[in-house]
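# Secondary and tertiary structure notes
One letter stands for each residue in the lines below.
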Amino acid sequence: MKYLTKTERRNQIASAGIAIAEQQGFQAVTMPALAEYMGINHQLITYHCGKMEAVRGLVVDEAVRSNNARVMLQAVTAGFLVMKNLPAATQKMIKQQLK
């Protein structure tokens, strides 16, 4: 069995969070949902990320990094991402998703 580094595991958690948000919405990104999706114990997520707020922060960071407008829009709607803090091009992309 290959053990992942902390960075690798956090990236895996962020990717799983993006997948869950795309399928079920940003609010569906929870510790139990992530653990089930990843096939791991939720305590492993807590060990690598801490509280749920930090996990959602990872997901938001990944959405911004990958220009995932759908998940960014969900994060803005849920109050986890502030639109005015995003670059103008990203804001425009999100606004287009609203149409």
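Thresholds applied
- Residues numbered from 1 in each chain as written.
- Predicted model: local features only at pLDDT ≥ 70, side-chain atom pairs only at ≥ 80, totals over all residues.
- Heavy atoms only, no water.
- Phe/Tyr/Trp six-rings, centres within 6.5 Å; stacked < 30°, edge-to-face > 60°.
- Helix = DSSP H or I, 4+ residues; strand = E, 2+ residues; numbered from the N terminus.
- Buried < 20%, exposed > 50% of the residue type's maximum accessible area, 1.4 Å probe, protein only.
- Lys NZ or Arg CZ within 6 Å of the ring centre and 35° of its normal.
- pLDDT = per-residue confidence, 0-100.
- Core = buried A, V, L, I, M, F, W, Y, C linked by side-chain atoms within 4.5 Å.
- Contact = heavy atoms within 4.5 Å.

## Observations regarding the packing of aromatic side chains
Applying the stated criterion across every chain yields a total of one aromatic pair. Arranged with centres 5.3 Å apart and planes meeting at 55°, the rings of Phe26 and Phe80 form a pair that is tilted. A residue pair is termed long-range when its members are at least 10 positions apart, and Phe26 in the loop between helix 1 (6–24) and helix 2 (31–38) and Phe80 in the loop between helix 5 (69–78) and helix 6 (88–98) qualify at 54 residues. The exposure class assigned to Phe26 is buried, which follows from its relative accessible area of 2%. For Phe80, a relative accessible area of 35% gives the class partly exposed. If you follow Lys6 out to its NZ or CZ, it ends over the ring of Tyr47, 5.3 Å from the centre.

## Some details on the confidence of the model for the protein chain
Model confidence for the protein chain is summarised by a mean pLDDT of 89, while 97% of its residues fall at 70 or above. Taking the mean pLDDT of every element in the protein chain, the minimum, 79, falls on helix 6 and the maximum, 96, on helix 2.

## Focus: the nonpolar core
Counting 28 residues, the largest nonpolar core has Ile13, Phe26, Val29, Leu34, Ile45, Val55 and Val71 as the members making the most contacts within it. Sorting the residues of this core by element identifies helix 1, helix 2, helix 3 (42–49), helix 4 (52–65) and helix 5 as the ones contributing at least two each. Beyond its immediate sequence surroundings of up to four residues, Val55 is in contact with Ile13, Met31, Leu34, Ile45 and Cys49.

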